[in-house]
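Each chain is listed here by its residues.
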Amino acid sequence: MICRKCGGPVSPDAEGMTKKMINRGETSFFCLPCLAEEFKCPVSLLEEKIEHFRAQGCTLFVRQPAEKGDN
Ligand SMILES: [Zn+2]
């Protein structure tokens with residue numbers, strides 16, 4: 001997936017955030033830095049929100065394989 005603004009790579013989390021913050025049916029996505037710019041907030045805040053939504057079990061944010069085993 002490529003960011004529609006800067007053309008950089010979009011992580012699955014950034015994809016989820018685009019859907020969550022813009023439109024669930026969105027088919028073009030922003031990378032995290034561009035999303036942060038769009039919403040005039042720091043990337044760290046988006047990362048916090050991602051963790052928050054993930055903790056709630058939101059299906060838009062699948063757990064990354066690297067994080068397995070920390071439950
Ligand atoms: Zn971007």
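Above this text sits the structure in question.
Only a predicted model underlies this, so the values are computations on that prediction, with no experimental measurement involved. (Residues numbered from 1 in each chain as written. Predicted model: local features only at pLDDT ≥ 70, side-chain atom pairs only at ≥ 80, totals over all residues. Heavy atoms only, no water.)

Chemist: Help me understand the overall build of the protein chain, please; the structure alone is not making it clear to me.
Modeler: Tallying secondary structure elements over the protein chain gives 3 helices and 0 strands in all. Listing the helices and strands of the protein chain from first to last along the sequence gives α-α-α. Counting all 71 residues of the protein chain, 34% fall into the buried class. Long-range pairs, those at least 24 residues apart, make up 43% of the contacts in the protein chain with a sequence separation of at least 6. (Helix = DSSP H or I, 4+ residues; strand = E, 2+ residues; numbered from the N terminus. Buried < 20%, exposed > 50% of the residue type's maximum accessible area, 1.4 Å probe, protein only. Contact = heavy atoms within 4.5 Å.)

Chemist: In this structure, what is going on with the coordination of the zinc ion? I would like to understand it.
Modeler: Six octahedral donors around a metal ideally subtend angles of 90 or 180 degrees, whereas four tetrahedral donors ideally subtend 109.5 degrees. The protein atoms that coordinate the zinc ion are Cys-3 (SG), Cys-6 (SG), Cys-31 (SG) and Cys-34 (SG), at distances spanning 2.2 to 2.3 Å. Around the zinc ion sit 4 donor atoms; with metal-centred angles ranging over 106 to 116°, the donor geometry is tetrahedral. Written as a sequence motif, the donor residues of the zinc ion are C-x2-C-x24-C-x2-C. (Donors = N, O, S within 2.8 Å, 3.2 Å for Na, K, Ca; no water. Tetrahedral: all angles 85-135°; square planar, octahedral: opposite > 155°, others 65-115°.)

Chemist: How do you make sense of the pattern of salt bridges when you look at a structure like this?
Modeler: Opposite charge on two side chains makes pairing possible when the charged atoms of those side chains draw close. Enumeration according to the criterion identifies 5 salt bridges in this entry. Here Glu-26 and Arg-4 are joined by a salt bridge, their closest N and O atoms 3.0 Å apart. A residue pair is termed long-range when its members are at least 10 positions apart, and Glu-26 in the loop between helix H1 (12-21) and helix H2 (32-38) and Arg-4 in the segment before H1 qualify at 22 residues. Its salt-bridge partner being Arg-54, residue Glu-51 comes within 3.0 Å of it at the nearest N-O pair. Here Glu-51 and its partner Arg-54 are both found in helix H3 (residues 43-55), 3 residues apart, which amounts to about one turn of the helix. (Salt bridge = Lys/Arg side-chain N within 4 Å of Asp/Glu carboxyl O.)

Read these as layout, nothing more, since geometry by itself doesn't imply function.
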